[in-house]
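# Structural features, examined
Each chain is listed here by its residues.
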Amino acid sequence: MATLASSPALAATDPRDGARPAVIALWLQATAFLVVCIVVVGGITRLTESGLSITEWNVASGVLPPLTDAQWQAEFAKYRATPEYRLEASLGGMGLDDFKFIFFWEWFHRLLARAVGAVYALGLVWFWARGVIPQGFRPRLVGLLALGGLQGLFGWLMVQSGLVGDMTDVSHFRLSVHLLTALALLAGLVWTALDMRRLARDPAARPAPLTGASATVAAVLFVQLLLGAWVAGLNAGHAAYDWPLMNGRLVPEIDWSSGVLWTLTHDPFLLQWLHRWWAWIAVAALVWLARRARRADRRASIAVHTAFGTMVLLGIATVMSEVSLWIASAHQLVGALTVAATVWAMHADGIARRSQTAAA
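These notes cover the structure that comes with them. Note that the structure is predicted; figures quoted are calculated from it, not measured. Along each chain, the written sequence defines residue order, and numbers are assigned to residues from 1. Under the rules for a predicted model, residues below a pLDDT of 70 receive no local features and side-chain atom pairs below 80 are neither given nor counted, while totals for whole chains, interfaces and linings still include all residues. Each side-chain value is derived from all of the structure's non-hydrogen atoms; neither hydrogens nor water enter the calculation.

### Structural notes on the layout of surface pockets
The pocket and cavity definitions rest on a 1 Å grid over protein atoms only: a 1.4 Å probe that fits but cannot leave marks a cavity, an open set with protein on both sides within 12 Å along at least five of seven lines marks a pocket, and residues lining either have an atom within 4 Å of a point. Grid points are joined across faces, edges and corners, and a volume is the space filled by probe spheres set on the points. Taken as a whole, the second largest pocket encloses approximately 570 Å³ of empty space. Together, 24 residues line the second largest pocket, and Q29, V190, L194, D297 and W344 are the ones closest to its centre. Think of it this way: any DSSP run of H or I at least four residues long counts as a helix, any run of E at least two long counts as a strand, and we number them from the N terminus. Among the elements that take part in the lining of the second largest pocket, helix α7 (residues 172-201) stands out by supplying eight residues, more than any other. Split into classes, the residues belonging to the lining of the second largest pocket amount to 17 nonpolar, two polar and five charged. Residue type decides the class: Asp, Glu, Lys and Arg count as charged, Ala, Val, Leu, Ile, Met, Phe, Trp, Tyr, Cys and Pro as nonpolar, and the leftover types, Gly among them, as polar.

### What to know about the nonpolar core
By nonpolar core is meant a set of buried Ala, Val, Leu, Ile, Met, Phe, Trp, Tyr and Cys residues that side-chain atoms within 4.5 Å join together. Categorising residues by exposure relies on relative accessible area from a 1.4 Å probe, with only protein chains included: less than 20% of the type maximum marks a residue as buried, more than 50% marks it as exposed, and the intermediate range marks it as partly exposed. Among the nonpolar cores identified, the biggest contains 78 residues, and L28, L183 and L186 are the most heavily contacted of them. Where this core is concerned, the elements lending two or more residues are α2 (19-47), α5 (96-129), α6 (138-161), α7, α8 (212-233), α10 (268-293), α11 (298-320) and α12 (325-359). The biggest single contributor to this core is α7, with 15 residues. Contacts are assigned to residue pairs that have any heavy atoms within 4.5 Å of one another. If sequence neighbours within four positions are ignored, L28 has contacts with Y120, L141, L189, T192, A193 and M196. In terms of nonpolar packing, the next biggest core, distinct from the first, is built from 12 residues, I54, F76, L96 and F99 among them.

### Describing the packing of α8 against α10
In this analysis, axes come from line fits to C-alpha atoms, helices being fitted only over the stretch in contact, and the angle between any two N-to-C directions falls in the range 0 to 180 degrees. Orientation of α8 relative to α10, taken along the N-to-C sense of each, is 155°, at an axis distance of 9 Å. As summarised for this structure, α8 and α10 are arranged roughly antiparallel, according to the angle between their axes. With respect to the hand of their crossing, α8 and α10 are arranged in left-handed fashion. Tallied by class, the residues present in the contact of α8 with α10 amount to 17 nonpolar, five polar and one charged. Angular relationships are summarised with four words: roughly parallel below 35 degrees, roughly antiparallel beyond 145, roughly perpendicular across 65 to 115, and oblique for the angles in between. Two helices crossing with the near one rotated counterclockwise from the far one by less than a right angle form a left-handed crossing, whereas a clockwise rotation gives a right-handed crossing.

### Observations regarding the side chain of T31
Locating T31 in the fold gives a position in helix α2. When its relative accessible area of 1% is taken as the criterion, T31 is described as buried. The residues touching T31, leaving out its near neighbours within four places in the chain, are V116, V119, Y120 and L189.

### Considering the environment of A81
Mapped onto the elements of the fold, A81 is located in the loop between α3 (69-80) and α4 (83-87). With 26 residues separating them in the primary sequence, A81 and T55 have C-alpha atoms 9.6 Å apart.

And the structure:
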């Protein structure tokens, strides 16, 4: 007689089978999708100069936008007290309707931030309480929760930097920290979801290792993303609208009088030029990674090639369109997807390296 433990009906619900990791992977992928959405909306917020339209952070009451004319007038009054309005927006004759437009994007950005936090935190509590998180993954999942919290904190510190003195924009350094933390969170979610997928197929599978080659490619891509964040934060996309030349020159005129370090981190012409040409170093690194990953997962290789190819084309189009809102937003979207595809290939590279080591 078959025992209860060997009953097919009960075995299918055993926590040790692949069902639980597969569900956890779906939860992580859903959170990653929301992170991609918030990165895109954050880019639109920056491009529309909307980031300073909400001057306070109210976790609960801020969920709803103003609903009455009096509430709108109160929010507009707060914005009119900011240096951005006094020194910049007011010169264009901004009215209440214009304010409502920029307010929407910042409010929507913050709403998505709350959604990311809620989806991840509630899912973590649920899986933890049911005791279905695979062994060894709890610290990593808690770490991702902490990283998400830090990303939100960095976002508020970024906003604060644009509300003091005569600042008409947020600090591009804080903006880059805010963006890169979001992309690091996306990378962690994708990598962990891939580990869960492997665990669902094989309960004995171990997490994929990070290879030296993958770490090198990640470092190269990090530099490109950092440059892109600084270009966005300094409005350096407007430094030149031609390509491959910049204002008719291969190398733009750069003023080094403020010092090398300041110029490397603040000059819009130099930063756009570096972002343009470091992109080709990133492309070479990504091609190398894709070839390595192909041995373990051909789909990851295809994803990397598709993502970076589209991103380069959209980057060129962004420049030549004089930073069209929707083309620039698409460029940022594909940038986030390139991060996800790169992590996929890095994960596959780790699996391939492990298989080679085992075979040897």
